[in-house]
Structure formats: C-alpha cells, structure tokens
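Structural characterization, general
Take a look at the letters that make up each chain.
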Amino acid sequence: MNPNQRLPAVDRVLQQLPALIETHGRQLVTGCVRAELAAAREGIKHGLPLPDEAALLAAIGRRADASARANLRPVFNLTGTVLHTNLGRAQLAEEAIAAMVDAARSPCALEYDLASGGRGDRDDLVSGLLSELVAGGDPNIAATIVNNNAAAVLLTLNALAQGKEAVVSRGELVEIGGAFRVPDVMRRAQVKLFEIGTTNRTHDKDYAEAIGPKTALLMKVHTSNYAVVGFTKVVDEKAIADIAHAAGLPFVVDLGSGTLTDFAAYGLPAEPTPQQALAAGADIVTFSGDKLLGGPQAGLIVGRKDLIAKIKKNPLKRALRVGKTTLAALEATLRLYRDPDRLSQRLPTLRLLTRPLADIETTGQRLLPLIQAALGATVVVSLAPCSSQIGSGALPVERLPSLALLCRPTAKKPGKALLALEAAFRGLPVPVIGHIRDDAYHLDLRCLEAGDEARFTEQLAHLKF
Ligand SMILES: *Cc1c(COP(=O)(O)O)cnc(C)c1O
C-alpha cells in the first residue's frame, strides 16, 4: 500500500487471511479486520501514514489471537503465598482433575441411587467419606456441601438460629478478604449476634452468662488472617461445648481453613482440624474445600446428623448447592486422605507446603543464570532466603522458609524499573506473578516445581524488558 492509496476493503483483506480464518473463524477475524481498518483510518486522520500491508495483517493477527485467548488464564504463582485467593487457591490433585473431567464428559449418578434405581442425594457422594475421615465412621456424623465456606456459615446460621441469637466472642468477629465479615453474615442469616468478652479476652463465664431464652447456639470462629497476641484469653472448644450442651444448645465452629491431616506430622505448624473440633464437642464444623484441604472451592458442613438434616431442609441449601464437577473433585480429594503415606506427594497443596528447601534451591540455581541472561546487565539477579506464607487465612503468623530470585535493577532510583520488571513478567504468555519488596522484584520459587520448569524457562525468550 502506498500512502496515496486508500485503505483496502474488508473482503480483500480477508482473502489474504485464510489461515487466521481457519484458526479463529470468519466472524471473529472479520471483526478484527474492521477494528484494525478503523484504527488505521483514525490514525490517518491524525496525520499518521497509511500502514503497510504486512503491518496491517500482523496487527489483525495479534488482535485475533488476543481476542480468542481465554480470559481465565493459567499463571505462575511465585508470590510466595501458596493458597492465593486471587490466583485460585488450591491446585487440584491429578486424581481430582481426572474425576472432574469424567463427571463433565458423561452423565453421572449425581442424584441417582444405583443400588435401588431410585432418587439419590448428591451429598451422599461424600458424606460417608467425611464421617470416616473426621469421626472414625461414626454413623451419627453426616455432611452437606455448599458453594464455599461463607455459604456454609450463612446456611448453618439461618437453618439453626433464624430469628434467634448466636453467641460469639468479640475476639472472633473477623473479616476475611473484605467480603466476609462475621457480623454481616449473621445479619444476612437473620440471626442476632450476641457479642461477649473483649477483643483480647473472653472467659467461660461470658458464654454461660450470655445464654437466655433467645439463644439458639454458641459459635466459635477460627481467627483467620490475624492473631491476637499478648494479654489474651480464649475459651477452649471443650469448655464452650460443655456450656452449650448443659443448656441444650448446639455448638458451631467455623474453622475457615481446615485440614483433615495433622500438619505437625509433616513438620508444619499445627492447624486445628475438624476431627479435633468434633472430638472437643462441636456439633457442627464448617470449613473451605480450597484452603488447606487442597480441593475445589466448596464449603463443607460436617456434624451431628439431626442438625445436618435440618440444614439440608433449609431452602437456602438448594440455592447454595454445588455441581457435579465440584463434587467429583471433592470426592477424589477426600479419597486421597485415606492414604496418608502418599498424601504429601499426591496433594499439591501439601506437597508445596512441605517442599524441601534443598529442592527449591536446585530450582533456583538452575534458573538464576537463565533469568540473568534474559534480563541483561541493568538488573542483578540473586538467590536469597525468603519466607513463604500459607495464605487464605491459614496460620496467619507462620512463615515457611523458602528461596526467591531477587531481581534488583541497577538504577539509582529503581522504582520505575521495578514496575517495568513486574509488568514484563506479567506480560509473558503464561504470566509470572511475583512481588516487589525492598527495591527488588521477588520470585519465590516454592511453587515452581521441577515439572513446570521447562514451561517457565521456554518463555523467557519472550521477556520484554
Ligand atoms: C476463609 C474463611 C471463610 C470463608 O471461606 P470461603 O471458602 O472463602 O467462602 C469463613 N470463615 C473463616 C474463619 C475463614 O477463614
């Protein structure tokens, strides 16, 4: 095209793009041709030259590729937060992924009892397994599954305490990720919050004295996201359970995270489990599927069969229930817990949390020269100790020793270079998410496992810095 010619017609451009049309379909490519021609026309109006044909076709190709790319894209989570809510929390085990694919692909016995040929209950797919894992198969323990733990708390409160009062310590009126505040959830559940104690100290007698004719239940909320330290007093679960039961009331525990395995056995900081809560006398425990459990997004409500039955009858249950792919992933994840010996290899969440430092170091040594070469002389890359965190509110003050590649721009005022570095890694085909701290861009290598290294290094050639 020479500047004296007019822009080509849409049809004529399309004729030159058979491969692009084959890939993306005629409609999408036509839209991109129109958009690029319009942009060129706009440019000409503002004095830019007519684009040459090759440049125009390349721009159309880029636009089509970008438009066809999924919005939900895989990324490398090198933030150092293993369960990162904004990055999708738990990575699922291969067994769970396979189960989801099967459930998605063909009809499945979601609510169909294959033994009798009658109607089944979707919660039965995991209720028995959960009872086995958290209560030694106690037939009086059942479970129901909803969309997430926020839903689990909302449903439990509405089903067991609508129009009445729930007693909670002031030290536990937590907000999680801005969107879940215990007092707000109570209000939506139409339950009156009866606050007791103070932010730092709550005593047995505070619970006992709070009980009156309107009390429906006592509740304990695991203090996710923060820790109250110093002059503190919390009442242990057994004591609250005894006070509740003496008054004929149920005791509900929102564990938030909740792992079914003893973290201490893996050298990790101890985290309260549903087993412990139930053993201490909790009548209902709720926890997330995609935090420490390492499964799909879900809210698990486990506890006394009669209370679970009441919760399942609540109309909100129908609105908050989960689909077949979630249940497939949850069932497969729970089955992994039956084999504790292999759990830390098969469950990615636990595998990442327990990854040996030496292993992280090997990754670091291999990557350091490659990243240094990709970034050039204006950035100095080094391998340095750092600490990962578990994330999603679990064990808020605990840190896991890890290693990070630190990319330090040599510029005197590195602010701009750091932002450019961050953007360059984010702009890779599989975006890499790190974080800036102390004048360095950090890539915590805990979550970059050996199996993903090739995919990571191959794309360094595309790094535009
Ligand atoms: C995370 C958390 C929730 C919310 O769980 P979601 O599964 O994210 O809905 C509720 N309560 C506590 C204590 C939590 O830690």
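See the structure printed just above.
Right, let's get into the sheet that holds strand 15 (residues 440-444). Spatial ordering of the open sheet is given by 11-12-15-14, a layout of four strands whose pairing is antiparallel. Edge positions in the sheet fall to strand 11 (379-388) and strand 14 (435-437), since each has one partner strand and no second. In this sheet, neighbouring strand axes are inclined to one another by 35° on average, regardless of whether the strands run parallel or antiparallel. As paired strands, strand 14 and strand 15 are joined by three bridges and run antiparallel to one another. Residue histidine 435 lies in a different strand from strand 15, and its bridge partner there is histidine 442. Against the sheet, helix 18 (residues 415-426) makes contact with strand 11, strand 12 (400-409), strand 14 and strand 15, and its axis sits at roughly 30° relative to strand 15, the strand it touches most.

Turning our attention to the packing of helix 3 (residues 26-45) against helix 4 (residues 53-68). The relative placement of two packed helices is expressed as an angle between their axes plus a distance between the axes. Two numbers describe how helix 3 lies on helix 4: the axes approach to 9 Å, and their chain directions differ by 130°. Taken as axis vectors, helix 3 and helix 4 run oblique relative to one another. Crossing of helix 3 over helix 4 shows right-handed handedness. In this structure, helix 3 uses Leu28, Cys32, Val33, Ala35, Glu36 and Leu37 to contact helix 4, whose residues at the interface are Leu56, Ala59, Ile60, Arg63, Ala64, Ser67 and Ala68. Across the contact of helix 3 with helix 4, the residue classes tally to 10 nonpolar, one polar and two charged.

Turning next to the pattern of salt bridges. In total, this model carries 25 salt bridges according to the counting rule given. For glutamate 111, the salt bridge is made with arginine 122, and the minimal N-O distance between the two is 2.7 Å. Within this pair, whereas glutamate 111 is found in the loop between helix 5 (94-105) and helix 6 (124-135), its partner arginine 122 is found in the loop between helix 5 and helix 6, the two being separated by 11 residues in sequence. Residue classification places arginine 122 among the buried residues on the basis of a relative accessible area of 9%. Residue arginine 335 pairs with glutamate 331 through a salt bridge whose shortest N-O separation is 2.8 Å.

By the secondary structure assignment, aspartate 283 is in the loop between helix 11 (274-279) and strand 9 (284-288). For aspartate 283, a relative accessible area of 5% puts it in the buried group. Every residue in contact with aspartate 283, bar those within four places of it in the chain, is listed here: His245, Leu249, Pro250, Phe251, Val302, Gly303, Arg304 and Leu307.

About the cut-offs
Residues numbered from 1 in each chain as written. Predicted model: local features only at pLDDT ≥ 70, side-chain atom pairs only at ≥ 80, totals over all residues. Heavy atoms only, no water. Pairing = 2+ DSSP bridges. Helix = DSSP H or I, 4+ residues; strand = E, 2+ residues; numbered from the N terminus. Axes fitted to C-alpha atoms, helices over the stretch in contact; angles between N-to-C directions. Contact = heavy atoms within 4.5 Å. Parallel < 35°, antiparallel > 145°, perpendicular 65-115°, else oblique. Left-handed = near helix turned anticlockwise from the far one by under 90°. Nonpolar A, V, L, I, M, F, W, Y, C, P; charged D, E, K, R; others polar. Salt bridge = Lys/Arg side-chain N within 4 Å of Asp/Glu carboxyl O. Buried < 20%, exposed > 50% of the residue type's maximum accessible area, 1.4 Å probe, protein only.

Everything listed is a geometric property; what it means functionally is a separate question.
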